[in-house]
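What the coordinates show
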Amino acid sequence: MGRAERVVLAYSGGVDTTVCIPYLKNEFGVKEVITLAADLGQGEDLEPIRQKALKAGASESLVVDAKKALVERYAVPAIKANALYENRYPLSTALARPLIAKLLVEAADQCSADAVAHGCTGKGNDQVRFDVSIGALNPNLKVLAPAREWGMSREEAIAYGEQFGLTFAVKKSSPYSIDYNLLGRSIEAGPLENPWTEPLEEVFAMTKAIADTPDEPEYVEVGFTAGEPTCLNGQEMSAIQMLTELNAIAGNHGVGRIDMIENRLVGIKSREIYEAPALLLLIAAHRDLESLTLTADVTQYKRSIEETYSRLVYNGLWYSPLKSSLDAFIEHTQMFVSGTIRIKLHKGNAQIVGRQSENALYSEELATYGADDQFDHRAAEGFIYVWGLPTRVWSERLGDEA
Ligand code: ARG
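Criteria and thresholds
- Residues numbered from 1 in each chain as written.
- Predicted model: local features only at pLDDT ≥ 70, side-chain atom pairs only at ≥ 80, totals over all residues.
- Heavy atoms only, no water.
- Helix = DSSP H or I, 4+ residues; strand = E, 2+ residues; numbered from the N terminus.
- Contact = heavy atoms within 4.5 Å.
- Areas by Shrake-Rupley, 256 points an atom, 1.4 Å probe, with all protein chains shown as cover.
- Lys, Arg positive; Asp, Glu negative; His and termini not counted.
- Charge placed at Lys NZ, Arg CZ, Asp CG, Glu CD.
- Core = buried A, V, L, I, M, F, W, Y, C linked by side-chain atoms within 4.5 Å.
- Buried < 20%, exposed > 50% of the residue type's maximum accessible area, 1.4 Å probe, protein only.
- Near = heavy atom within 4 Å.
- Polar contact = N/O pair within 3.5 Å; in protein donor to acceptor, adjacent residues only side chain to side chain.
- Nonpolar A, V, L, I, M, F, W, Y, C, P; charged D, E, K, R; others polar.
- Pairing = 2+ DSSP bridges.
- Disulfide = S-S within 2.5 Å.
- Axes fitted to C-alpha atoms, helices over the stretch in contact; angles between N-to-C directions.
- Right-handed = clockwise from strand over helix to strand, strands pointing away.

Re the overall build of the chain
- Along its length, the chain carries 13 helices and 14 strands.
- Taken along the three principal axes of its C-alpha coordinates, the chain extends 85 × 55 × 45 Å.
- Restricting to contacts in the chain with at least 6 residues of sequence separation, those with at least 24 account for 74%.
- Total accessible area on the chain stands at roughly 20400 Å², and carbon and sulfur atoms take up 51% of it.
- Averaged over its 39 positive side-chain charges, the chain has a centre that lies 5 Å from the centre of its 56 negative ones.

Side note on the nonpolar core
- Val8, Leu91 and Ile134 are the most contacted members of the largest nonpolar core, which totals 80 residues.
- Beyond its immediate stretch of four places on either side in the chain, Ile134 contacts Ala101, Leu104, Val105, Val116, Pro139, Leu141 and Val143.

Considering the site of the ligand
- In the neighbourhood of the ligand, 15 residues make up the surrounding shell, with Tyr89, Asn125, Asp126, Arg129 and Glu262 lying closest.
- Between the ligand and Tyr274 there is a distance of 3.1 Å, counted from a nitrogen atom to a side-chain nitrogen or oxygen.
- Burial of the ligand by the protein amounts to 86% of the accessible area it has alone, namely 350 Å².
- Residue assignment for the shell around the ligand shows that the elements contributing at least two residues are α5 (126-137), β6 (177-181), β7 (184-188) and β12 (269-275).
- Of the residues assigned to the shell around the ligand, the class counts are four nonpolar, four polar and seven charged.

A few points about the sheet that holds strand β13 (residues 339-346)
- In space, the five strands of this open sheet follow the order β10-β9-β8-β13-β14, with antiparallel pairing throughout. A strand with exactly one partner marks an edge of an open sheet, and here the two such strands are β10 (235-236) and β14 (349-356).
- As judged from the four bridges shared by strand β8 (residues 218-225) and strand β9 (residues 228-232), these two strands associate in the antiparallel manner. From the neighbouring strand, Val222 faces β9, where its bridge partner is Leu232.

Here we look at the state of the cysteines
- Applying the stated criterion to the full structure yields zero disulfides.
- With no disulfide of its own, Cys111 lies closest to Cys20 among cysteine sulfurs, the gap being 18 Å.
- You can call Cys111 buried: its relative accessible area is 14%.
- The thiol of Cys120 is unpaired, and the distance to the nearest cysteine sulfur, on Cys20, comes to 9.2 Å.

So, the sheet that holds strand β11 (residues 257-263)
- The sheet built from four strands is open, its strands ordered β6-β7-β12-β11 with antiparallel pairing. In this open sheet, the two strands that pair with only one neighbour each are β6 and β11. Sheet twist, expressed as the mean angle between neighbouring strand axes with direction ignored, is 20 degrees.
- In the sheet, β6 pairs with β7 via five bridges, with the strands oriented antiparallel.

Here's the deal with the pairing of strand β1 (residues 6-10)
- For β1, the buried fraction is high: four of the five residues fall into the buried class.
- Here five bridges tie β1 to strand β2 (residues 32-39), and the two strands are oriented parallel to one another. Bridge pairing in β2 links Val8 to Ile34.
- Taken together, β1, helix α1 (residues 15-27) and β2 constitute a β-α-β crossover, and its handedness is right-handed.
- With three bridges connecting them, β1 and strand β4 (residues 115-117) associate as parallel partners. The partner of Leu9 across the bridge, within β4, is Ala117.

Without other data, these values stay purely geometric and don't point to any function.
In structure tokens, the structure reads:
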């Protein structure tokens, strides 16, 4: 890997990315480190983080408000895709990575940097997502990943930083590794590494323990327009506002926790705790509305696409030809996915209890068992004769041998 003169570093303000600043300069021979911190709705004031980077030796410290982009360009398409990795994880961390990669590439272009850098280790999915996304957006840009090479423990990293005058708040360091944005939180490591160990209440921040949730259920109505969430309890709102409000409402009822063993791209199984109240709720509501408004064949075909889509996003292929082709298919299916879903939140459960749409393909006259029934029962006989013909022929000819 050739030398880089000027580097844009993805910066979180944590120990690892802070130590990356002197490390890049001293071990990698980088002349100028420009840091970029993204506001992804993690609820942190980024001004102290901006200052911290400068103190650690950054020549410039950029802060970008990326909440709108995260929600509109990454989360909304994922909701349309009902994207759940391994059927459970709504990709709250995975969706932010291609966005951060894009911000890095754009900043590198603006600052005439010849490389970008991140603080990911070599064991996770995030390094893959960054490197692959950056390569797709600008194949000529070098990507530096100091933490993948330095082999330092956390204590050693702190000691390394101290050599260069960095000080780290001596608060009792958390045993957990946490990633947080408007879409959700992921919690790993520490006692959670034993898959038999129940997570302590202290790991959760977006969702209440069942014991602390309201005794009365609460109903919410989510309105969608062409697959996009646009309305909450009769009030039009932006997708950002919707995620913010639904995180609070659903989290208050203890809805949105996941505890799973997950298959990382790098071959490791890991124990993951997630909280993603709004995103999970929106995907469940959206999927239900699709059942009402899409034909059987489109619904069923789309379900298989969704699995592939989720795997691509998880595996770092947000910017890839297959992913954009699937997006085109999904987008086309969303034209009539408009309507309202009614959800009952109570004691950790989110139950869909009602749905309506002007485009509903559901027909009460066809479905009813009552007197208004319009379905031609006798027509079923001929249909079943033809439908069952192949198995009848098979049974007559070969049934004895099977
Ligand atoms: N396992 C999740 C994923 O791959 C969460 C990763 C969390 N990342 C982190 N740097 N703490 O999307």
